[in-house]
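# Report on the structure
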Amino acid sequence: MKRKVLVVLLLVASMGAAKAQCEKFCNKTLKNAEKQLSLQLKDAYENDRIPRTVNEENEIHWAKQRFDWTEGFFPGTCWYMYEFTGDAKWKKAGEYFENMFYEHRKLTTNHDLGFVFNCSYGNGYRLTDNEKMKEVMIEAAKSLSTRFNPNVGCIKSWDVTGGWQAKRGWKYPVIIDNMMNLELLFEVSKLTGDDKYKNIAITHANTTMKNHYRPDNSSFHVIDYDPETGKVRNRHTAQGYAHESRWARGQAWGLYGYTVCYRYTKDPKYLEMAKKIADFIMTSKEMPADRVPYWDYDVPEKAKAPRDASAAAITASALIELGDYAGKKYLDEGVKIVESLASKNYMAKIGTNHNFVLMHSVGSIPHGAEIDKPLNYADYYFVEALLRLRTK
Ligand code: GLY
């Protein structure tokens with residue numbers, strides 16, 4: 001009996017030590033990230049713009065002012081820094097930079113309102129209870145909901161009346177990334193008590209589960225629907241290597257999206273889906289030893305192929321949450337990815353990399369854009385993963 005008690009005590013003590021070590025690692029990494037982001041904040045104020053990436057001329061590239069799907073991430077990262085430090089400078093920055101796109105809450109021409117407004121105003125509201133921010137979230141959710149078509153059972157991702165999307169022959173494209181817009185809808189139903197937003201999110205998630213996924217639990221990037229009948233017209237890609245290939249960030253968006261669906265609904269089918277996607281990612285023989293995927297799992301000539309740190313950061317953050325619902329193996333994998341990203345192979349030295357935290361992400365190779373560059377959303381999900389991990 002005494003022996004048993006001793007074993008339990010030793011186990012508890014070693015778990016406590018591991019927890020303390022993990023917290024120390026997260027705090028140290030977040031402190032370094034804060035130093036880097038403070039330099040980036042100075043650039044952002046000086047130029048009065050939101051940093052997005054670095055261009056081919058090796059200059060900082062700012063988010064478009066008209067509308068940019070990445071505009072919410074920098075203020076969102078500022079809010080995370082406020083959560084970490086409690087320093088009012090980060091609160092002021094979150095407010096200042098999200099206010100730059102306040103007008104966009106009424107846009108109905110794009111699905112990215114969920115990304116944009118939940119990462120920025122959503123975090124701001126969570127940390128400050130500022131009612132004005134809640135109102136902005138509600139308005140953005142209303143605008144996003146106008147893109148839902150009950151014949152299809154999905155929110156339309158892109159309009160096809162102009163730009164490169166008009167050249168693809170699509171009628172109603174829905175991309176796997178769109179799973180990330182659902183969090184805003186779930187949250188706004190919670191805030192308002194109006195289930196209509198949540199119901200749209202659930203229908204979208206169910207339709208996506210049916211049509212986007214392959215038997216190996218990887219996803220296509222773009223499903224093009226007939227808006228009258230809801231039938232699938234095409235299974236395509238926009239940012240992956242090929243229609244049939246497995247675009248790395250798309251796998252990460254799906255994992256994160258179904259984990260969020262489970263958080264809000266507790267419906268076991270979303271948990272199963274998230275686990276299946278996680279298992280696909282974790283056991284893929286295409287995954288390099290350092291767990292930062294090539295930009296597409298199926299790209300040939302892997303030795304020359306860029307990695308995508310953004311996909312790794314999104315995956316890590318999702319796995320750390322999934323660990324709470326589905327067991328330690330997911331948390332452990334999330335930890336390994338975060339450790340890899342925090343190494344000198346991916347985390348930039350302070351004052352380099354145009355003051356972005358992570359190096360080596362990919363925006364879109366088929367569009368020739370942001371290849372092996374820093375990205376503001378890689379930083380956002382990396383910081384989020386560290387904050388989530390710190391309390392585990
Ligand atoms: N939602 C666009 C992307 O992941 O690149």
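Once a new chain begins, its residue numbering starts again from 1 and follows that chain's sequence as written. In view of the model being predicted, local features appear only for residues whose pLDDT reaches at least 70, and side-chain atom pairs are presented and counted only at 80 or more, with totals across whole chains, interfaces and linings using the full set of residues. Hydrogens and water are ignored here; the side-chain numbers use all heavy atoms of the structure.

This brings us to the nonpolar core. One broad rule of soluble globular proteins: the nonpolar side chains tend to lie buried together. Buried residues of nine kinds, namely Ala, Val, Leu, Ile, Met, Phe, Trp, Tyr and Cys, make up a nonpolar core once their side-chain atoms join them within 4.5 Å. A 1.4 Å probe rolled over the protein chains alone gives each residue an accessible area, and that area as a share of the maximum for its type sets the label: buried under 20%, exposed over 50%, partly exposed in between. Leu-341 and Tyr-381 are the most contacted members of the largest nonpolar core, which totals 110 residues. The contacts of Tyr-381, once residues within four sequence positions are left out, are Phe-73, Phe-115, Cys-119, Met-180, Trp-253, Tyr-256, Ala-313, Ile-314 and Ser-317. Membership of the second largest hydrophobic core comes to seven residues, among which are Val-152, Cys-154, Val-174 and Phe-220. In what follows, residue pairs with any heavy atoms lying within 4.5 Å of each other are defined as contacts.

For strand β8 (residues 361–364) and strand β9 (residues 369–373), the ladder comprises three bridges, and the chain directions are antiparallel. Directly across from Ser-361, in β9, lies its bridge partner Lys-373. In sequence, β8 turns back onto β9 through a hairpin of four residues, with Gly-368 there showing a positive phi of about 65°. What makes two strands pair is DSSP finding at least two bridges between them. Secondary structure is summarised from DSSP: a helix means a run of H or I of at least four residues, a strand means a run of E of at least two, and numbering begins at the N terminus for each.

Further remarks concern helix α11 (residues 328–341). One fewer than the residue count of a helix, multiplied by 1.5 Å, yields its expected span. Compared with the 20 Å implied by 1.5 Å per residue over 14 residues, the 20 Å span of α11 between its first and last C-alpha is a close match. Along α11, the residues that are buried comprise Tyr-330, Leu-331, Glu-333, Gly-334, Val-335, Ile-337, Val-338, Ser-340 and Leu-341.

Every residue close to the ligand is listed here: Trp-69, Asp-177, Gln-239, Trp-247, Arg-249 and Trp-253. Any pair of nitrogen or oxygen atoms within 3.5 Å is treated as a polar contact; in protein, a donor-acceptor pairing is required on top of that, and neighbouring residues in sequence qualify only through side-chain atoms on both sides. Interatomic distance of 2.7 Å between a side-chain N/O atom of Asp-177 and a nitrogen atom of the ligand. At 2.6 Å, a side-chain N or O of Arg-249 approaches an oxygen atom of the ligand. The Shrake-Rupley method, run with a 1.4 Å probe sphere, supplies the accessible areas, and residue values consider only the shown protein chains as cover. Notes on the ligand: free accessible area 200 Å², of which the protein chains cover 93%. Its residues assigned to classes, the shell around the ligand shows three nonpolar, one polar and two charged. Nearness is defined per residue: one heavy atom within 4 Å of the molecule or strand is enough. Throughout, the ten residues Ala, Val, Leu, Ile, Met, Phe, Trp, Tyr, Cys and Pro are labelled nonpolar, Asp, Glu, Lys and Arg are labelled charged, and all others, Gly among them, are labelled polar.

Our focus in this paragraph is the side chain of Thr-77. Along the chain, the position of Thr-77 falls in helix α2 (residues 73–85). In contact with Thr-77, not counting residues within four places along its chain, are Leu-37, Asp-379, Tyr-380 and Val-383.

Centre distance within 6.5 Å is the pairing criterion for rings of Phe, Tyr and Trp, where only the six-membered ring of Trp is used; planes under 30 degrees apart are then read as stacked, over 60 as edge-to-face, and the remainder as tilted. Counted according to the given criterion, the structure contains 30 aromatic pairs. Ring centres 6.5 Å apart and planes at 35° place the aromatic pair Trp-253 and Tyr-377 in the tilted group. Of this pair, Trp-253 sits in helix α8 (residues 248–265) while Tyr-377 sits in helix α12 (residues 376–390), and the two are 124 residues apart along the sequence. Since its relative accessible area comes to 0%, Trp-253 is described here as buried. Aromatic pair Tyr-256 and Tyr-381: ring centres 5.5 Å apart, planes at 75°, arrangement edge-to-face. One end of the pair, Tyr-256, is in helix α8; the other, Tyr-381, is in helix α12, with 125 residues separating them in the sequence. Both residues of the pair, Tyr-256 and Tyr-381, belong to the buried class.

Turning to the packing of helix α9 (residues 268–283) against helix α10 (residues 309–326), a few remarks are in order. Relative orientation of the contacting elements α9 and α10 amounts to 130°, with a least axis distance of 11 Å. With respect to their mutual orientation, α9 and α10 come out oblique. The handedness of the crossing between α9 and α10 comes out as left-handed. Judged by residue contacts, Leu-271, Ala-274, Lys-275, Ala-278, Ile-281 and Met-282 of α9 engage Thr-315, Leu-319, Leu-322, Tyr-325 and Ala-326 from α10. Taken together, the residues that form the contact of α9 with α10 break down as nine nonpolar, one polar and one charged. Under this scheme, a helix contributes an axis fitted over its contacting stretch, all axes are lines through C-alpha atoms, and angles between N-to-C directions fall in the 0 to 180 degree range. Orientation labels follow simple angle bins: below 35 degrees gives roughly parallel, above 145 gives roughly antiparallel, 65 to 115 gives roughly perpendicular, and whatever is left gives oblique. In this scheme the crossing of two helices becomes right-handed for a clockwise turn of the near helix relative to the far one and left-handed for an anticlockwise turn of less than a right angle.

The rule for a salt bridge is simple: a side-chain nitrogen of Lys or Arg has to be within 4 Å of a carboxyl oxygen of Asp or Glu. Summed over the entire model, instances satisfying the criterion amount to 30 salt bridges. The residue Asp-298 makes a salt bridge to Arg-246 at a minimum N-O spacing of 2.7 Å. Highlighted residues: Asp-298 in the loop between α9 and α10 and Arg-246 in the loop between β7 (232–236) and α8, separated in sequence by 52 residues. Of the residues examined, Asp-298 reaches a relative accessible area of 26% and is grouped as partly exposed. The partner of Lys-304 in a salt bridge is Glu-301, with the nearest N and O atoms 3.0 Å apart.

Another aspect to go through is the state of the cysteines. When two cysteine sulfur atoms lie within 2.5 Å, the pair is treated as a disulfide. Applying the stated criterion to the full structure yields zero disulfides. With no disulfide of its own, Cys-26 has Cys-22 as its nearest cysteine by sulfur position, at a separation of 4.3 Å. You can see Cys-78 has no disulfide; the closest cysteine sulfur is in Cys-119, sitting 13 Å from it.

This part takes up the sheet that holds strand β6 (residues 222–225). In space, the three strands of this open sheet follow the order β5-β6-β7, with antiparallel pairing throughout. The sheet is open, and its two edges are formed by β5 (173–175) and β7, each paired on a single side. Each adjacent strand pair in this sheet contributes to an overall mean axis angle of 20°, direction not counted. Pairing geometry for β5 and β6, over three bridges, is antiparallel. In the sheet register, Ile-175 faces β6, and the bridge partner there is Val-222.

Our focus in this paragraph is the environment of Met-133. Tracing the backbone shows Met-133 in helix α5 (residues 131–145). On a C-alpha basis, the gap between Met-133 and Ala-311 in space is 29 Å, while along the polypeptide they are 178 residues apart. If we ignore the near neighbours within four places in the chain, the residues touching Met-133 are Trp-79, Glu-95, Glu-98, Tyr-121, Gly-124, Tyr-125 and Thr-128.

Glancing now at unusual backbone geometry. Although it is not a glycine, Asp-48 adopts a positive phi angle of roughly 55°. Positionally, Asp-48 belongs in the loop between α1 (2–47) and β1 (51–54). Judged by relative accessible area, which is 36%, Asp-48 ranks as partly exposed. Residue His-354 is not a glycine yet carries a positive backbone phi of 50°. According to the relative accessible area criterion, His-354 is partly exposed, its value standing at 28%.

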